[in-house]
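Report on the structure
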Amino acid sequence: MKKIVSRNIEALKGTITIPSDKSISHRAVIFSSLAKGKSVIKNFSDGQDPHSSLEICKMLGIEAEFTEDKLIINSNGKLEKKHDIFDCGNSGTTMRLMAGILARQNFSSILTGDTSLSARPMKRIIEPLTLMGAKITSNDFKAPLKITGNKLHAIHYNSKIASAQVKSCILLAGLGVENEFTSITEPYISRNHTEIMLKNMGADINTDGTTVSIKKSNLIPIDITIPGDISSAAYFITAALIIPNSKIIIKNIGLNPTRTGILDIVKEMGGNIKILNKYETGGEPAGDISVEYSELKACKISGEVIPKLIDEIPIIAVLATQSDGDTVISGAQDLRNKESDRITTVVNGLKSLGADIEETTDGMIIHGKTELSGGCEIETCHDHRLAMSFFVAGLICKKEITINGFEWVNISFPNFEELFLKLF
Ligand code: S3P
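The rules behind the values
- Residues numbered from 1 in each chain as written.
- Predicted model: local features only at pLDDT ≥ 70, side-chain atom pairs only at ≥ 80, totals over all residues.
- Heavy atoms only, no water.
- Near = heavy atom within 4 Å.
- Polar contact = N/O pair within 3.5 Å; in protein donor to acceptor, adjacent residues only side chain to side chain.
- Areas by Shrake-Rupley, 256 points an atom, 1.4 Å probe, with all protein chains shown as cover.
- Helix = DSSP H or I, 4+ residues; strand = E, 2+ residues; numbered from the N terminus.
- Nonpolar A, V, L, I, M, F, W, Y, C, P; charged D, E, K, R; others polar.
- Domains from an automatic or database assignment.
- Contact = heavy atoms within 4.5 Å.
- Buried area = accessible area lost by both parts, 1.4 Å probe.
- Salt bridge = Lys/Arg side-chain N within 4 Å of Asp/Glu carboxyl O.
- Core = buried A, V, L, I, M, F, W, Y, C linked by side-chain atoms within 4.5 Å.
- Buried < 20%, exposed > 50% of the residue type's maximum accessible area, 1.4 Å probe, protein only.
- Pairing = 2+ DSSP bridges.
- Axes fitted to C-alpha atoms, helices over the stretch in contact; angles between N-to-C directions.

Section: the site of the ligand
Close to the ligand lie S23, R27, T93, S163, A164, Q165, R191, I310, D311 and K338. In the environment of the ligand, an oxygen atom lies 2.8 Å from a nitrogen or oxygen atom belonging to the backbone of A164. Here the ligand, which alone exposes 390 Å², has 95% of that area covered by the protein. Contributions of two or more residues to the shell around the ligand are made by α1 (22-33) and α6 (164-174). Its residues assigned to classes, the shell around the ligand comprises 2 nonpolar, 4 polar and 4 charged.

Examining the domain arrangement of the protein
Once the domains are mapped, the protein shows domain 1 (2-20 + 227-423) and domain 2 (22-225). Once you take the C-alpha centre of each, domain 1 and domain 2 turn out to be 28 Å apart. Opposite the 28 residues of domain 1 that make contact, domain 2 presents 31 residues. A per-residue breakdown of the area domain 1 buries against domain 2 is headed by S20, R259 and I411, which together make up 22% of the total. In this assembly, domain 1 and domain 2 are joined by 3 salt bridges. Across the domain 1-domain 2 interface, the total number found is 18 residue pairs in polar contact (both at pLDDT 80 or more). Residues belonging to the side of domain 1 that touches domain 2 are distributed by class as follows: 6 nonpolar, 13 polar and 9 charged.

With respect to the nonpolar core
Counting residues in each nonpolar core, the largest one holds 75 residues, and the members touching the most others are F236, I237, I250, L350, M364, F416 and F420. Looking at this core element by element, the count peaks at 10 residues for helix α8 (residues 230-242). Not counting chain neighbours up to four residues away, the residues in contact with I237 comprise I250, L263, V266, I273, I289 and V291.

Some thoughts on the sheet that holds strand β15 (residues 247-254)
Strand order in this open sheet of 4 strands is β2-β15-β17-β16, and the pairing throughout is mixed. The open sheet terminates on both sides in strands that have one partner only, identified here as β2 (13-17) and β16 (272-281). The mean angle between the axes of side-by-side strands here comes to 15 degrees, regardless of whether they run parallel or antiparallel. Bridge count between β16 and strand β17 (residues 284-292): 8 bridges; the pairing is antiparallel. Directly across from T281, in β17, lies its bridge partner E284. Running at roughly 155 degrees to β16, helix α9 (residues 261-268) makes contact with β16 and β17 of the sheet.

Section: unusual backbone geometry
A cis amide bond, omega 5 degrees, links A143 with the succeeding residue P144. Along the polypeptide, P144 turns up in the loop between β8 (135-137) and β9 (145-148). If you check the backbone angles, E68 has positive phi at about 45 degrees while not being a glycine. Structurally, E68 is set in the loop between β4 (63-67) and β5 (70-76). Its identity as a non-glycine residue notwithstanding, F141 has a phi of 65 degrees, on the positive side. Among the structural elements, F141 can be located in the loop between β8 and β9.

Have a look at this one:
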């Protein structure tokens, strides 16, 4: 689907509520499937990715029903082999988390994905799972993954990358290992939704700095209201910061500190952003944010903040085109392994819109501030975050742009454009 975006808006004004967090939605449905009894999930994501997780849980014998605003999960605490092949669609989180669980079942299964997911690296989970005794064959460390269920044993794993998907995969495998603790240490802390939710469900799980450990535990069901997704809010935050005279309030955003790197960076760049009405939901901090158009300055983005804003780098690159000076993003080489190679796709896309931007091996350098000329067609490359980032860029381009493959927004944010229209 083609989407034409142009600059004919005055300013963004008003209040919106951000839809459900994708990462927490995946975990809520997958972990409830492992808990004996009835779990209630409010504000489950409409995105295709969390629905891939839900469908797989249903194929594994879990009862799931939507009533009004709730998703009710009923499980006897065990997964059943009712099917052989589980399609994870575009969702890396589904594939990597499910692999950790399926590796310790007493049956075999195959995890498949779409073209983008089938090109993404799975060595990062195959290696630690194999060390735990898992039997996995793959297409040169890529999907499809053929998993022959096995009894696993505990390991301590030193991960070279800070990845919540790798960490969660290992922890979910370790959740089935009796008596011994399985642990993982990462170079920097990645998002910790798994740790928070498993702890709330009664798991024997502990965090010590960048190390998390777990052992066999029986999970109790949850009753959770999922907050809004800060990764989805990032497009509105950026648009309000770069479109003159804008002033908006975004309600119901998850504010877990392992996810709020974008807020830290925006403050450093001089953005006028405030957190209002903080509260807690499902053990996760949340609140509202007010954002106003701001004169921005460039900044350096590297090190431990990278995992805290990894999914926001495409939209931060758009923001940096409107900030004075050179924004240097480094230490983000894992961006090349996302739904697209987000270093190359973001740099090429923004360059075609008129940005002054350079690709580096582990990031990019954006020379600002530049007026974006637009007047071209741009590709989303099977990547929802590119579709949404280019949409925001299109709102400030001199000439209209055409985004090809705009339907990819449905992966995480089906009512993305509808919410924007509320603010025009
Ligand atoms: C996610 C973790 C991140 C992120 C992805 C969702 C998760 O991936 O990019 O969109 O829900 O655990 P990595 O853990 O591979 O960095």
